[in-house]
Amino acid sequence: MARLLAALLLTTAAALLVVGQRNDAAAPSEAEEFWRTVLPNSPLPDAILMLLHPETNSVKNANDADAQGRSRKNPFSYIGPPIRFTYGRDGSHKHLSPGPPSSDDDDDTIGAAFFHEEALQVGENLTLYFPPAIAKPLGLLPRHVADSIPFSVSSLPDALALLGIAADSAHAANMQQALEMCESPTVFCATSLEALVEAAMASLGTRDLRPVTSTLPHSGMPLQQYSIRAVRRVDGSSFVACHDQDYPYTIFVCHSTGPSRAYMVDVVGGDMAIVAVAAVCHTDTSQWDPEHIAFKLLGTKPGGAPACHILPHGHMVWANNAARSSA
């Protein structure tokens, strides 16, 4: 892995030097300039800025054993990357089995992942957990650097050779799993900010869109009850959701939410800090895997009541601005 990081850091640094010998250290990157050009009315989310400037991150490193351990043990608890949702080639919503919780704390964290839509009312309480942001050393690569790295199941051996990753390693297995998911017709994967925006535009059929994200402290917030102070509906009935995926460098796996309702929810915890959280309620779960953890937690079944979840730091929902109410 050290060889991988060194190779990509050198490649990225060289590419940035070629792109522009800028004297102003605060000058925006090409990706930021792209964003400002195509989405002039949408501020760049803080989580994306972190990925574009990983050298400025002060959050915990991705190798933190506790954070990674939680992610591996409970892949559906939405407690941080990697997100482990998968989508079948027939369009059905599936998942990997999370396995039994290893402690009561893990069980509680899984239970905080999903909730009923009726709970989104001012004065109601939700038990939630917001993990610390996980810093990735390489961040989000410049487009021309990312595009130069093979990105398909068939070219995985070439990518492994280029990145210096052993074919029989856990990293290689994770990459193959991610690439297989990315080749499903029900999702698309983006390896750069430009590709992320362009794919969301193509999926929603408009250039007039905006990202909806949670505004959370990088240090995270503990598992506890949060009181709802305000609920704002995001206009629209179908969105594109993008999740940071487990890979040697930052990629996003994106998918249509299908029939859904999205909300921005202001919640306050025991420390009285108010944060704005993005939530998605899937209103048609008829094609989901019957064994999906959400059904067990909510006591529902495919095609039943909506299944809702929050978006952790770094994940986003793309909404069509044209669907906004004039109010």
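Residues numbered from 1 in each chain as written. Predicted model: local features only at pLDDT ≥ 70, side-chain atom pairs only at ≥ 80, totals over all residues. Heavy atoms only, no water.

- The chain is annotated in an unreviewed UniProt entry as BURP domain-containing protein from Urochloa decumbens.

1. Side note on the packing of aromatic side chains
Next, step 1: In this structure the tally under the stated criterion is five aromatic pairs.
Next, step 2: With a centroid separation of 5.8 Å and an interplanar angle of 45°, the aromatic rings of Trp35 and Trp318 are classed as tilted. Remark: Trp318 occurs in strand β12 (residues 316–320) and Trp35 occurs in helix α2 (residues 30–38); sequence separation between them is 283 residues. As far as burial versus exposure is concerned, Trp35 and Trp318 are alike and both buried.
Next, step 3: When the ring of Phe130 is compared with that of Tyr226, the centres are 5.3 Å apart and the planes differ by 75°; the resulting orientation is edge-to-face. Of the two residues, Phe130 sits in strand β4 (residues 125–130) while Tyr226 sits in strand β7 (residues 221–234), which places them 96 residues apart along the sequence.
Next, step 4: We classify Phe130 as buried; its relative accessible area is 1%.
Next, step 5: For Tyr226, a relative accessible area of 0% translates into the label buried.
Next, step 6: Pairwise contacts between aromatic rings join Phe151, Tyr247 and Tyr249 into one cluster. (Phe/Tyr/Trp six-rings, centres within 6.5 Å; stacked < 30°, edge-to-face > 60°. Helix = DSSP H or I, 4+ residues; strand = E, 2+ residues; numbered from the N terminus. Buried < 20%, exposed > 50% of the residue type's maximum accessible area, 1.4 Å probe, protein only.)

2. Digging into the state of the cysteines
Next, step 1: On inspection of all chains with the given rule, the structure shows three disulfides.
Next, step 2: Between the sulfur atoms of Cys182 and its disulfide mate Cys189 the distance is 1.9 Å. Where Cys182 bonds to Cys189 through sulfur, the torsion about that S-S bond is close to -90°, and the disulfide is left-handed.
Next, step 3: Since its relative accessible area comes to 14%, Cys182 is described here as buried.
Next, step 4: The disulfide bridge from Cys281 ends at Cys308, spanning 2.1 Å between sulfur atoms. Here Cys281 and Cys308 share a disulfide; its torsion about the S-S bond, 110°, makes the bridge right-handed. With Cys281 in strand β10 (residues 274–282) and Cys308 in strand β11 (residues 307–310), this residue pair connects regions lying 27 residues apart in the sequence. Each member of the pair Cys281 and Cys308 is classed as buried. (Disulfide = S-S within 2.5 Å.)

3. Considering the pairing of β10
Next, step 1: Most of β10 is tucked away, with eight of its nine residues classed as buried.
Next, step 2: Where strand β9 (residues 251–268) and β10 come together, nine bridges link them in antiparallel fashion. Within β10, the residue paired with Ala262 across the bridge is Val280.
Next, step 3: The antiparallel hairpin formed by β9 and β10 contains five residues in its connecting segment, where Met272 sits at a positive phi of about 70°.
Next, step 4: Where β10 lies against β11, four bridges are found, and the strand directions are antiparallel. Bridge pairing links Cys281 to Cys308 in β11. (Pairing = 2+ DSSP bridges.)

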